[in-house]
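Breakdown of the fold
Read off the chains here:
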Amino acid sequence: MTVLDTEARAAVAESLRDVFADDSARDLAARLDELGWDEVVNEDPETATTMLFIEQGRALASTSLLDDVVVGALDPALTGHGVLYPSFTSVGAGVLLGPVDDLERVLVPDARGVRSVPAAALELRPLGGFDRHSAWQVVVGALPDGERVAGDWVAAEAAGRRAVSAEIIGVCRAALDLAVQYTRDRRQYGRPLGSFQAVRHQLAESYAAIEAAASALSAAWTVSADPALAPWAARSAKAKAGSAQDVVLRRTVQVLGAMGLTEEGPMHRFVERGATLDQLLGSHGQLVEQTGRDLLTGTPAHPVVQIWEDTP
Amino acid sequence: MSTPSLADFADEARAFLDAHATPRASDGAVVWGEGPDRVTYFSDEPFEVEQANVQAARDWQRTRFENGFGWITGPKQYGGRELSIAHDLVYDGLEAGYDVPDTGVISLIGLGMIAPTMLAHARPEINEQYLPAMFRGDAIACQLFSEPNAGSDLANVQTKAVRDGDDWVLNGQKVWTSGAQHAQLGMAVCRTNTSVPKHKGITTFLIDMSWEGVDVRPLRQMSGGAEFNEVYLDDVRVPDTHRMGEVDDGWRVTMTTLLNERASVGGEGAGPATRPTSRANLLAMLKATGRDTDGGVRRDFARVIADQAATEYLTSQMMRRARAGDLPGPEASVGKLMFGQNLTRIAHLAAEMTGPRMLADTGDWGTFSWNELLLGTPAFRILGGTEEIMKNILGERVLGLPKEPA
């Protein structure tokens, strides 16, 4: 349930923007501590988590904050562990959100649950590829042995999906803001680009897609405490956010014309981050396919296991 | 010499190709996992590699030209053969069976868009000076059209051309100039009169890119390479002989190029991406990824192939008419729209087939390599006139709908 009022939220959003814009040496955790972030989270976890990840998406920041969300939902006693996310590439055992220098152990979900492995034993290389600006790492080589830990991965994964959905929404909102500003300022045929229906319709469609994703995310939060419904709702929210980024980034790139295609402008970064976040914890294509299959077979939702096994 | 029959011409062409090129190893069959897997429309090669590719294109174009296949339909006085479009078709069909360098860097803009404009609007002595060099591969040409404030609204160009004796002095900034880094010639659209409606105060010039005051600066695009450029014109002196068309009547000249562009962009096919986006390669990919039993993917595949075939036919007809000197009409916008739509759909089909592997560079043959085309697809919806402009042209010029309210 949302507790923070509009004014409080605006203040929080502004503080978060400062946190992500801060390029001093202090790490993100220290900056959030300074903000008293834990208190905000305790007071209103939905608003706090959603806002934090929306701002992370807007800022195109690449952090390990998602690990805290996932581990927190799994077992708060394990806080400080890293998380190995199911691989979405054909090589490697999975994806880490960054290097493991500060980590002792990494939690690895598998078909039987979750095990904890020593971080130092993992062989990493940067994910690279499409999104060259992320800190993400691929774990290559065999995974070391580790002990089983208690905790419900399905719930943890649902929490992760709600957070990533918010991050994708943040990426999309920033891209839409950029496109709106550009089409207001840029004039052709003696009038702003945004006054042409062909252009404004694309922006309106983008807005509608983002708001639909945001609604799905709010809906997912309303059942977040229900172990039967939370995974389904989180999966739907993530699918909705994933398809929104596809709709929004295609259109915002288009209305920027050639400006959207260069590396000189920032738009390409949103395209790259949006597409990569879509893959994390299941792409919209995979998630709707899985939901369809589950509905047909009457299976309860255990999506990660399925996606894990389906990955070539 | 009388016009050779198509059969004689085909023999002649075959003899030429056998002497100068190697037949393609296979009949287009694709072995999945073999050979290069680059999928790119825009070059993002290191400069030296790109230079070597451009040189190979020039060399092959020269070989064609010196043997009578460089400008099959062109006027004899400029080095052409004055043969029919059918002869041209026969040659293209035969050459497709050989491994020859891609000459798109020369043909797409220079030979496909600017040469027809020159034939229609430049002085004979200028055509004599430049056209043979262009068709010999010596002179690559670029369009100095778009400006920071003149994109879709091209008639809003601000680059000034001021008369000074027998010369004009050009000042301004052009942007999104494809291939300017390789070009010897540029066609510049300039403002010569500010006291009349914008379409009526434009004059076009042919300029030598090595002239003093021409400065080319590359722009990097998100798909990797730096194919297009900013071009600064700073007190560039242009002899009046290099003017194309009448003073202040340059919009008509520009339209000749733009209409040829719409036909040409689609007519060249997928350029360097032709092989990976071919039916044979997509089919091999469908099987290799095990998606050939998926009804949805099969339907998308079939749709792409059908659209590709239809577009190829449409644009080849249009381009051949353009090569023969007929100015394409506003319907050329259909080809341009379909071209962008097809390449976009193919990139998405490939994304669907390879799945998320396309996003990470895993070293898997034929997977990540597609991401370059995927990142390039938004450009197909922009270059050569945006989709929005193409649709407005079809709505207003072809369907006769009223203009959008200002």
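**Remarks on the overall build of chain A**
Scanning chain A for helices and strands turns up 11 helices and 10 strands. If one aligns the C-alpha atoms of chain A with their principal axes, the spans along those axes are about 70 × 50 × 40 Å. A buried classification covers 46% of the 312 residues belonging to chain A. Nonlocal contacts in chain A, meaning residues at least 24 apart in sequence, comprise 71% of its contacts between residues at least 6 apart.

**Describing the sheet that holds strand β1 (residues 82-83) of chain A**
Residues and elements named next belong to chain A. Pairing in this open sheet of four strands is mixed, and the strands run β1-β4-β5-β8 from one edge to the other. Two strands in the sheet have a free side with no partner beyond their single neighbour: β1 and β8 (147-149). In the sheet, strand β5 (residues 113-118) pairs with β8 via three bridges, with the strands oriented antiparallel. Within the sheet, the bridge partner assigned to Arg-115 lies in β8 and is Arg-148.

**With respect to the sheet that holds strand β2 (residues 85-86) of chain A**
All names here are of chain A. With antiparallel pairing, the four strands of this open sheet are ordered in space as β2-β3-β7-β6. Unpaired on one side and paired on the other, β2 and β6 (123-126) mark the two borders of the sheet. In this sheet, strand β7 (residues 137-140) lies alongside β6 in antiparallel orientation, the contact comprising four bridges. Opposite Arg-125, over in β7, you have Val-138 as the bridge partner.

**A few points about the nonpolar core**
With 102 residues, the main nonpolar core has A:Val106, A:Ile169, A:Ala175 and A:Leu217 as its most contacted residues. The element contributing the most residues to this core is helix α6 (residues 153-185) of chain A, with 17 residues. The contact partners of A:Ile169, leaving out residues within four places of it in the chain, are A:Ile54, A:Gly57, A:Ile210, A:Ala213, A:Ala214, A:Leu217 and A:Ala241. Among the nonpolar cores identified, the runner-up in size contains 59 residues, and B:Ala13, B:Leu131, B:Ile207 and B:Met244 belong to it.

**A look at the environment of A:Met267**
All names here are of chain A. Note that Met-267 resides in helix α9 (residues 267-279). Sequence separation between Met-267 and Thr-252 is 15 residues; the distance between their C-alpha atoms is 8.2 Å. Among residues more than four places away in sequence, those in contact with Met-267 are Ala-175, Leu-178, Thr-252, Val-253, Leu-256 and Gly-260.

**Concerning the packing of helix α8 (residues 230-255) of chain A against α9(A)**
Residues and elements named next belong to chain A. Following both chains from N to C, one finds α8 and α9 inclined at 165 degrees, their axes separated by 9 Å at the closest point. On the basis of the axis angle, α8 is roughly antiparallel to α9. Between α8 and α9 the crossing geometry is left-handed. Taking contact as the criterion, the partners of Gly-242, Gln-245, Leu-249, Thr-252 and Val-253 in α8 are, on α9, Met-267, Phe-270, Val-271, Gly-274 and Asp-278. Per-class residue counts for the contact of α8 with α9 are five nonpolar, four polar and one charged.

**As for the confidence of the model for chain A**
Detailed reading of predicted coordinates is not advised where the pLDDT is low. Residue and element names in this part refer to chain A. This prediction gives chain A a mean pLDDT of 89; 94% of its residues lie at or above 70. No element of chain A has a lower mean pLDDT than helix α11 (residues 303-310), at 42, and none a higher one than α6, at 97. Counted against residues more than four places away or in other chains, residues 302-312, with its pLDDT under 50, gives 21 contacts.

**Observations concerning helix α4 (residues 104-121) of chain B**
Since the α-helix advances by 3.6 residues per turn, residues separated by three or four positions end up pointing in the same direction. Residue and element names in this part refer to chain B. Relative to the 26 Å expected for 18 residues at 1.5 Å per residue, α4 spans 24 Å between its end C-alpha atoms, a close match to the ideal helical length. When the local axis directions of α4 are compared, the greatest deviation, roughly 35 degrees, occurs at Leu-111. With 15 of 18 residues buried, α4 lies mostly within the body of the structure.

**Comments concerning the packing of helix α9 (residues 332-354) of chain B against helix α11 (residues 387-398) of chain B**
Residue and element names in this part refer to chain B. As a packed pair, α9 and α11 sit with axes 9 Å apart at the nearest point and diverge in direction by 145 degrees. For α9 against α11, the interelement crossing comes out left-handed. Between α9 and α11, the contacting residues are Ser-333, Val-334, Lys-336, Leu-337 and Gly-340 on the first element and Glu-387, Met-390, Ile-393 and Leu-394 on the second. Per-class residue counts for the contact of α9 with α11 are five nonpolar, two polar and two charged.

Rules used in this analysis
- Residues numbered from 1 in each chain as written.
- Chains lettered and ligands numbered in written order.
- Predicted model: local features only at pLDDT ≥ 70, side-chain atom pairs only at ≥ 80, totals over all residues.
- Helix = DSSP H or I, 4+ residues; strand = E, 2+ residues; numbered from the N terminus.
- Buried ≥ 20, exposed ≤ 12 C-beta atoms within 10 Å, placed from the backbone.
- Contact = placed C-beta atoms within 7 Å.
- Pairing = 2+ DSSP bridges.
- Core = buried A, V, L, I, M, F, W, Y, C linked by C-beta atoms within 7 Å.
- Axes fitted to C-alpha atoms, helices over the stretch in contact; angles between N-to-C directions.
- Parallel < 35°, antiparallel > 145°, perpendicular 65-115°, else oblique.
- Left-handed = near helix turned anticlockwise from the far one by under 90°.
- Nonpolar A, V, L, I, M, F, W, Y, C, P; charged D, E, K, R; others polar.
- pLDDT = per-residue confidence, 0-100.
- Expected span 1.5 Å × (residues − 1).
- Bend = angle between axes of the 7 residues up to and from the residue.

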